[in-house]
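The chain contents come next:
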Amino acid sequence: MKYRRRQKEKERLEKEKAKLEKARALEQARKETQLRKYERQAAERAQKLRAHLLHALGQPETAAEVRLQKELLKEIRRQGKEVMMAAEKRQLPVEVVEAEEIAREEVLVKRMNEERRKVREDMQRAEEEYQAEKAREEAERRKKAEAQMERTKVYSATLIQSIYRSMVARKELRHLAYDVYRKHFDPKSGAYYYEDRRTGATQWLKPPSLGGYDVDAKDEWMQITDIEDRVYYFNPKTMQMQWDKPEEVDDLQRHRPVENSTTDVTEEQSLASWASGGTLAAEVAKALEAGTDLNELVTALARRDVSGRRW
C-alpha cells in the first residue's frame with residue numbers, strides 16, 4: 001500500500017513538472033512572438049511618421065500640418081546651429097545647406113525614435129496588463145481550488161462518518177440477528193431454512209440483516225435416505241456427507257419425508273377413533289355428511305372442551 005502511494009505521488013509530481021515546463025515553454029514562445037510583433041509595428045509606425053513629417057515639411061495641407069512644419073523648421077534651425085558648432089569644434093568644413101540637411105535628418109530620426117519608444121511603452125503596458133490579468137486568473141483559480149478542497153474535506157469526513165456509522169449499525173444488527181435466528185437443515189428439500197426464535201416463523205431466504213454473513217447450523221449428524229432408499233449421514237454445519245455411520249454418534253434420529261397422503265390418513269383415523277364414542281361420534285358423522293371441510297372439522301374438534309361443550 002505504501003509503495004503504491006509513493007508511486008502515485010511520484011507520478012503526480014512528474015506530471016506537475018512536465019506541465020510546468022510546458023507552461024514555461026509556451027510563455028517564452030508567446031513573449032518572443034509579442035516582441036517580434038511590436039518590433040515590426042515600431043518599424044512600420046516609424047516609417048509612417050517619417051513620411052508624414054516629410055510631407056508636412058514639403059507640402060502641408062492642413063492647419064495641423066502647417067503648425068507641424070513650423071515646429072520642425074524651428075527644431076531644424078536649432079539643430080543646424082548645433083551641427084555647425086560641432087563641425088567648427090572638430091575643424092570640419094561644413095556648409096550651411098549641408099548642416100541643415102544633417103539637422104533635418106537628425107530631427108526626423110529623433111522623432112522616429114520617439115515613436116519607437118512609444119511603441120515599446122505600449123508593449124510594456126500591454127504586457128503588464130496581461131500579467132496582471134493572468135495573476136488575477138491564477139488567484140481566482142487558487143481560491144476556487146482551495147474552496148473545492150475544503151468542500152472535498154468536509155464531504156470526505158461526512159462520508160467516512162456515514163460509512164463508519166453504517167458499518168457499526170450493520171454489525172450491531174448482525175449480532176442481533178445471530179441471537180434471533182437459528183439455521184436448520186430440511187432433509188426433505190435438501191435446503192436450509194431460518195427460524196425466528198421470537199415468533200417461531202420460518203423462511204427459506206436468508207434474513208437481510210445477516211448481510212454477507214450467516215448463522216451456523218447445529219453441529220450434528222443427520223441420518224438421511226436418498227431417492228434410492230440408501231441411508232447416508234450429513235452434518236449441516238460442516239456440510240460433510242458420508243455413507244458410514246460416524247464413530248462419535250451412538251443414536252441418530254432418522255429423518256424421513258412425510259407424505260401428505262399419510263397425514264390425511266392419520267387425521268381421518270383420528271376422527272374415526274373420536275367418532276367411536278356416543279354423542280361425539282354422531283356429531284362427527286353428521287358434520288361429514290353435511291360436507292364440512294375436514295380441516296375445519298379438525299380445528300373445531302381441537303377447540304372443543306373436554307367437558308363436552310358443543311363447538
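Overview of the structure. Note that this is a predicted model, so its numbers are computed, not measured.

Right, let's talk about the packing of aromatic side chains for a bit. The relation between two aromatic rings is expressed through the spacing of the ring centres and the mutual angle of the planes. Taken as a whole, this structure holds 4 aromatic pairs when the rule is applied. On the numbers, 4.6 Å between centres and 45° between planes, the contact of phenylalanine 185 with phenylalanine 234 is tilted. Taken together, the residues span a long stretch of sequence, with phenylalanine 185 in strand E1 (residues 181–186) and phenylalanine 234 in strand E5 (residues 231–235) at a distance of 49 residues. Judged by relative accessible area, which is 13%, phenylalanine 185 ranks as buried. Geometrically, the ring pair formed by tyrosine 193 and tryptophan 204 is edge-to-face, given 5.9 Å between the ring centres and 75° between the ring planes. With tyrosine 193 in strand E2 (residues 191–196) and tryptophan 204 in the loop between strand E3 (202–203) and strand E4 (222–225), this pair connects stretches of sequence that are 11 residues apart. Note on tyrosine 193: relative accessible area 23%, which makes it partly exposed.

For the rest of this paragraph, the subject is unusual backbone geometry. One non-glycine residue with positive phi stands out, namely glutamine 91, at about 60°. Accessibility expressed as a relative area gives 71% for glutamine 91, which makes it exposed.

Once that is clear, we can look at the pairing of E1. Here E1 runs beside E2; their pairing, made up of 6 bridges, is antiparallel. Within E2, the position partnered with histidine 184 by the bridge is tyrosine 193. The hairpin turn running from E1 into E2, its antiparallel successor, is 4 residues long, and glycine 190 in that turn takes a positive phi close to 70°.

Moving on, we come to the layout of surface pockets. The computed volume of the largest pocket comes to approximately 250 Å³. Among the secondary structure elements, those contributing two or more residues to the lining of the largest pocket are helix H1 (2–58) and helix H3 (96–180). It is H1 that provides the largest number of residues to the lining of the largest pocket, a total of 5 residues. Grouping the amino acids of the lining of the largest pocket by side-chain chemistry returns 2 nonpolar, no polar and 7 charged.

Moving on to a positive patch on the surface. Together, Lys74, Arg77, Arg78, Lys81 and Lys110 make up a positively charged patch on the protein surface. Among the elements that line the positive patch, the one with the most residues is helix H2 (residues 63–89), at 4 residues. Its place among the elements puts lysine 81 in helix H2.

For H3, spanning 85 residues, the distance from its first C-alpha to its last is 123 Å, which sits close to the expected 126 Å at 1.5 Å a residue. Turning to H3, its buried residues are Ala99, Ala103, Val107, Leu108, Arg111, Met112, Glu115, Val119, Arg174, Ala177 and Val180. Buried positions along H3 lie against H1, H2, E1 and E2.

So, on to the sheet that holds E3. Strand order across the open sheet formed by 3 strands is E1-E2-E3, with antiparallel pairing between neighbours. The open sheet has two free edges, formed respectively by E1 and E3, since each of these has just one partner strand.

This part takes up the side chain of serine 209. Mapped onto the secondary structure, serine 209 falls in the loop between E3 and E4. Among the residues examined, serine 209 registers a relative accessible area of 19% and is labelled buried. Ignoring sequence-local partners within four residues, the contact set of serine 209 consists of Leu173, Arg174, Ala177 and Tyr181.

Looking now at the packing of H2 against H3. The contact between H2 and H3 brings their axes to 8 Å, and the two run at 120°. One finds that H2 runs oblique with respect to H3. The hand of the H2/H3 crossing is right-handed. In this structure, H2 uses Leu68, Glu71, Leu72, Glu75, Ile76, Gln79, Gly80, Val83 and Met84 to contact H3, whose residues at the interface are Val96, Ala99, Glu100, Ile102, Ala103, Arg104, Glu106, Val107, Lys110 and Arg111.

Counted by the stated rule, this structure contains 20 salt bridges. Two residues, glutamate 27 and lysine 134, come together in a salt bridge whose shortest N-O distance is 3.3 Å. A residue pair is termed long-range when its members are at least 10 positions apart, and glutamate 27 in helix H1 and lysine 134 in helix H3 qualify at 107 residues. Taking relative accessible area as the criterion, glutamate 27 reaches 14% and is therefore assigned buried. Overall, lysine 134 belongs to the partly exposed group, its relative accessible area being 36%. Measuring nitrogen to oxygen at the nearest pair gives 3.1 Å for the salt bridge that ties glutamate 195 to arginine 182. Remark: arginine 182 occurs in strand E1 and glutamate 195 occurs in strand E2; sequence separation between them is 13 residues. Classification of glutamate 195 as buried rests on a relative accessible area of 17%.

This next bit is on H2. The end-to-end C-alpha distance of H2, which contains 27 residues, comes to 39 Å, matching closely the 39 Å that a straight helix rising 1.5 Å per residue would cover. Within H2 the residues assigned to the buried category are Glu65, Leu68, Gln69, Leu72, Glu75, Ile76, Gly80, Val83 and Ala87. Contacts from the buried residues of H2 go to H1 and H3. Glutamine 91 sits one or two residues past H2 and shows a positive phi near 60°.

The rules behind these values
Each chain carries its own residue numbering, running from 1 in the direction its sequence is written. Per-residue local features are limited, in this predicted model, to residues with pLDDT of at least 70; the limit for side-chain atom pairs, both in listing and counting, is 80 or more; totals at the level of whole chains, interfaces and linings are taken over all residues. The basis for the side-chain values is all heavy atoms of the structure; hydrogens and waters are excluded. Between the rings of Phe, Tyr and Trp (Trp by its six-membered ring), a pair exists once the centres lie within 6.5 Å; its type follows the angle of the planes, with under 30 degrees stacked, over 60 edge-to-face, and the other angles tilted. The helix and strand labels rest on DSSP assignments: H or I over at least four residues marks a helix, E over at least two residues marks a strand, and numbering proceeds from the N terminus. The buried label applies to any residue whose accessible area, calculated with a 1.4 Å probe on protein chains only, is under 20% of its type's maximum; exposed applies above 50%, and partly exposed to all values in between. When DSSP finds two or more bridges between a pair of strands, those strands are recorded as paired. The method works on a 1 Å grid over the protein atoms by themselves. A cavity is a set of points holding a 1.4 Å probe that cannot get out, a pocket is an open set with protein on both sides within 12 Å along at least five of seven lines, and residues with an atom within 4 Å of a point line them. Grid points are joined across faces, edges and corners, and a volume is the space filled by probe spheres set on the points. Polarity classes work like this: nonpolar for Ala, Val, Leu, Ile, Met, Phe, Trp, Tyr, Cys and Pro, charged for Asp, Glu, Lys and Arg, and polar for all others, with Gly in that last group. Each patch is built from residues lacking any salt bridge and having more than 30% relative accessible area; the joining distance is 9 Å for like charges and 5 Å for nonpolar side chains (Val, Leu, Ile, Met, Phe, Trp, Tyr). Surface exposure here means Shrake-Rupley accessible area, sampled with a 1.4 Å probe, where a residue is shielded only by the protein chains that are shown. Salt bridge, as used here: a side-chain nitrogen of Lys or Arg that lies within 4 Å of a carboxyl oxygen of Asp or Glu. Working convention for charge: Lys and Arg count positive, Asp and Glu count negative, and His plus the chain ends are omitted. For charged residues, the charge sits on one atom: NZ in Lys, CZ in Arg, CG in Asp, CD in Glu. What a helix should span is 1.5 Å times the count of its residues minus one. Every residue pair with non-hydrogen atoms within 4.5 Å of one another is taken to be in contact. For every element, the axis is a line fit to its C-alpha atoms; helices are fit only across the contacting stretch, and the angle between N-to-C directions ranges from 0 to 180 degrees. Working definition: roughly parallel below 35 degrees, roughly antiparallel above 145 degrees, roughly perpendicular at 65 to 115 degrees, and oblique for all remaining angles. Definitions for this section: a left-handed crossing has its near helix turned counterclockwise from the far helix by less than a right angle. A right-handed crossing has that turn clockwise.

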